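If you want the building blocks of each chain, they are given just below.
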Amino acid sequence: MRQTDLHTAAAQLRDAFDELQIAWREVNEEWDDQVSRRFCERHLEPIAPVMKKTLDAIGHMSQIHHQIRRDCEE
């Protein structure tokens, strides 16, 4: 049976979000007007709280998964 690695998936998601933030900061150095601010407000800023909830949920699922595996091994 294939083992699930939620920690790796969470790390990949966190890394992708970090890369997005870095890329936005670089772009925003050149593109800083009303349109860029609106883009940020509508599309980028809403991602942060969703990411936090997602990573929290993955952490919780990982704990449950670990407990289930331990219980099944007994």
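Just so it is clear, the structure is predicted and the values come from calculations on it, not from any experiment. (Residues numbered from 1 in each chain as written. Predicted model: local features only at pLDDT ≥ 70, side-chain atom pairs only at ≥ 80, totals over all residues. Heavy atoms only, no water.)

Looking at the packing of aromatic side chains
So, point 1. One pass over the full model with this rule turns up 3 aromatic pairs.
So, point 2. Measuring from centroid to centroid gives 6.0 Å for W31 and F39, while their planes differ by 45 degrees, and the two rings are tilted.
So, point 3. When its relative accessible area of 29% is taken as the criterion, W31 is described as partly exposed.
So, point 4. Each member of the aromatic cluster is reached from another via a ring pair, and the members are W24, W31 and F39. (Phe/Tyr/Trp six-rings, centres within 6.5 Å; stacked < 30°, edge-to-face > 60°. Buried < 20%, exposed > 50% of the residue type's maximum accessible area, 1.4 Å probe, protein only.)

A short note on helix α2 (residues 34-44)
So, point 1. All buried positions along α2 are accounted for by S36, C40 and L44. All buried residues of α2 lie within an arc of 45 degrees about the axis, which places them on one face of the element. Facing away from the buried side of α2, by more than 90 degrees, are the exposed residues Q34, E41 and R42.
So, point 2. On its buried side, α2 packs onto α1 (6-30) and α3 (47-73).
So, point 3. Near the N-terminus of α2, the side chain that reaches the backbone nitrogen of V35, with its oxygen 3.1 Å away, is that of D33. (Helix = DSSP H or I, 4+ residues; strand = E, 2+ residues; numbered from the N terminus. Arc of directions from axis to C-beta. Contact = heavy atoms within 4.5 Å. Polar contact = N/O pair within 3.5 Å; in protein donor to acceptor, adjacent residues only side chain to side chain.)

A few points about the packing of α1 against α2
So, point 1. In the contact formed by α1 and α2, the axes pass within 12 Å of each other and the chain directions differ by 170 degrees. Here α1 lies roughly antiparallel to α2, going by the angle between them. Viewed along their axes, α1 and α2 form a crossing whose handedness is left-handed. Taken together, the residues of α2 that come into contact with α1 (itself represented by L20, W24 and N28) are S36, F39, C40 and L44.
So, point 2. Considered class by class, the residues forming the contact of α1 with α2 number 5 nonpolar, 2 polar and no charged. (Axes fitted to C-alpha atoms, helices over the stretch in contact; angles between N-to-C directions. Parallel < 35°, antiparallel > 145°, perpendicular 65-115°, else oblique. Left-handed = near helix turned anticlockwise from the far one by under 90°. Nonpolar A, V, L, I, M, F, W, Y, C, P; charged D, E, K, R; others polar.)

Re the side chain of S62
So, point 1. Within the element layout of this structure, S62 appears in helix α3.
So, point 2. Apart from residues lying up to four places away in sequence, S62 is in contact with L6 and H7.

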